[in-house]
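Geometric and topological summary
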Amino acid sequence: QVQLVESGGGSVQAGGSLRLSCGASGYTYFRYCMGWFRQAPGKKREGVAVIDSDGSTSYADSVKGRFTISKDNAKNSLYLQMNSLKPEDTAMYYCAAPRGVTWYCLARRKSDFVYWGQGTQVTVSS
């Protein structure tokens, strides 16, 4: 069974940093497309960042320049380094994976991802 487990969330003040981690098991296509999504209360789940097989990345405009996605294929671990955090970054953050090779990973389409972790809460106070 595919299992994705996030960790690293917490409460920080605006301007602070956090590093989220996601460990994947039972998943054959980790070396291809992987992503981070987030969902705040009353809002839709949105794609924050994705990373493709060749290391290419795509970010939501709201986090570009502040967040960095990376992965270690040997460890089946996905990371999200979050710097200069803002109160609007407050949300539940989810690690996500497609069923297999996606048509276009960098589009960050929620419908392309079928495996999800339980989420880790990030709270940024002003």
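Everything quoted here is computed from the prediction, not taken from an experiment.

**Re the state of the cysteines**
- The final tally for this structure, using the stated rule, is 2 disulfides.
- The residue that forms a disulfide with Cys-22 is Cys-95, at a sulfur-sulfur distance of 2.1 Å. Taking the sign of the torsion about the S-S bond as the criterion, the disulfide between Cys-22 and Cys-95, at about -70°, is left-handed. Here Cys-95 lies in strand 9 (residues 91-98) and Cys-22 lies in strand 3 (residues 18-25), a separation of 73 residues in the sequence. Judged on exposure class, the residue Cys-22 and its partner Cys-95 are both buried.
- Paired through a disulfide, Cys-33 and Cys-105 show a sulfur-sulfur distance of 2.1 Å. Because the sign of the S-S torsion sets the handedness, a value of about 75° for the bond joining Cys-33 and Cys-105 places this disulfide among the right-handed ones. In this pair, Cys-33 sits in the loop between strand 3 and strand 4 (34-39) while Cys-105 sits in the loop between strand 9 and strand 10 (113-116), placing the two residues 72 residues apart along the sequence. Side by side, Cys-33 and Cys-105 carry an identical accessibility label, which is buried.
- With its disulfide-bonded cysteines labelled consecutively along the sequence, the protein is connected as 1-3, 2-4.

About the criteria used
- Residues numbered from 1 in each chain as written.
- Predicted model: local features only at pLDDT ≥ 70, side-chain atom pairs only at ≥ 80, totals over all residues.
- Heavy atoms only, no water.
- Disulfide = S-S within 2.5 Å.
- Helix = DSSP H or I, 4+ residues; strand = E, 2+ residues; numbered from the N terminus.
- Buried < 20%, exposed > 50% of the residue type's maximum accessible area, 1.4 Å probe, protein only.

Nothing here speaks to function; it is all geometry.
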